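Listed below are the residues making up each chain.
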Amino acid sequence: QVQLVESGGGLVQAGGSLRLSCAASGRTFSINAMGWFRQAPGKQRELVAIITNGGATNYANSVKDRFTISRDNAKNTVYLQMNSLKPEDTAVYYCCAEDQRRAGPWDYWGQGTQVTVSS
C-alpha cells in the first residue's frame, strides 16, 4: 500500500549534524502523521519525533532542542534534522507513517538507516 524509504544515515562525529529523509510512495493519500523511531543495540525501540499532517510536532526529551522534524507534503517526504549529535544517538532510525484508514497506531515502516556518532 505504502512504501517508506529512508536515506541520509551514516557516520558522523560527536557534535556534528546529519539530516535523514524518508520518502513515501504508493497510496500515500491517506497518510496522516509521520514520525521517526530509533533502536540502539540491546535497547527498546523509542520514539524520536512525530509530525502531524498539519505540521504539529512532538519530540522525545532526549532529542528536544537538538532535532527538528519537518515534512514536505507535496513530495510525501519527512525529514529529521539532527544537530549536536551525541554518541548516545547511535541507532538504527526508522521512518513510520500513520494511515488514517487503518488501525494503527503506526501502519507503515521503513527498513531503517544506521546513524553512528563517534566520540
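Let me sum up the structure you'll find in this document. Owing to the predicted nature of the structure, the values given are computational and were not obtained by experimental measurement.

Considerations on the state of the cysteines
- Following the criterion strictly, the structure yields one disulfide and no others.
- A sulfur-sulfur separation of 2.0 Å characterises the disulfide bridge that pairs cysteine 22 with cysteine 95. On the sign convention where negative is left-handed, the bridge of cysteine 22 and cysteine 95, at about -80° about the S-S bond, is left-handed. Placement of cysteine 22 in strand 3 (residues 18-26) and of cysteine 95 in strand 9 (residues 91-99) is noted, with a sequence separation of 73 residues between them.
- According to the relative accessible area criterion, cysteine 22 is buried, its value standing at 0%.

Some details on the sheet that holds strand 1 (residues 2-7)
- The antiparallel open sheet is built from four strands, whose spatial order is 1-3-8-7. At either end of the open sheet lies a strand with only one pairing partner, and these are strand 1 and strand 7 (67-72). Across the sheet, the mean angle separating the axes of adjacent strands is 15° when strand polarity is ignored.
- When strand 1 meets strand 3, the two strands line up antiparallel, connected through six bridges. Looking at strand 3, one finds that glutamate 6 is bridged to cysteine 22.

Here we look at the side chain of threonine 77
- With respect to the helices and strands, the residue threonine 77 is situated in strand 8 (residues 77-82).
- For threonine 77, a relative accessible area of 9% translates into the label buried.
- Within the local environment of threonine 77, its side chain forms a polar contact with the backbone oxygen of lysine 75, the two atoms lying 3.0 Å apart.

Scoring rules and cut-offs
Residues numbered from 1 in each chain as written. Predicted model: local features only at pLDDT ≥ 70, side-chain atom pairs only at ≥ 80, totals over all residues. Heavy atoms only, no water. Disulfide = S-S within 2.5 Å. Helix = DSSP H or I, 4+ residues; strand = E, 2+ residues; numbered from the N terminus. Buried < 20%, exposed > 50% of the residue type's maximum accessible area, 1.4 Å probe, protein only. Pairing = 2+ DSSP bridges. Axes fitted to C-alpha atoms, helices over the stretch in contact; angles between N-to-C directions. Polar contact = N/O pair within 3.5 Å; in protein donor to acceptor, adjacent residues only side chain to side chain.

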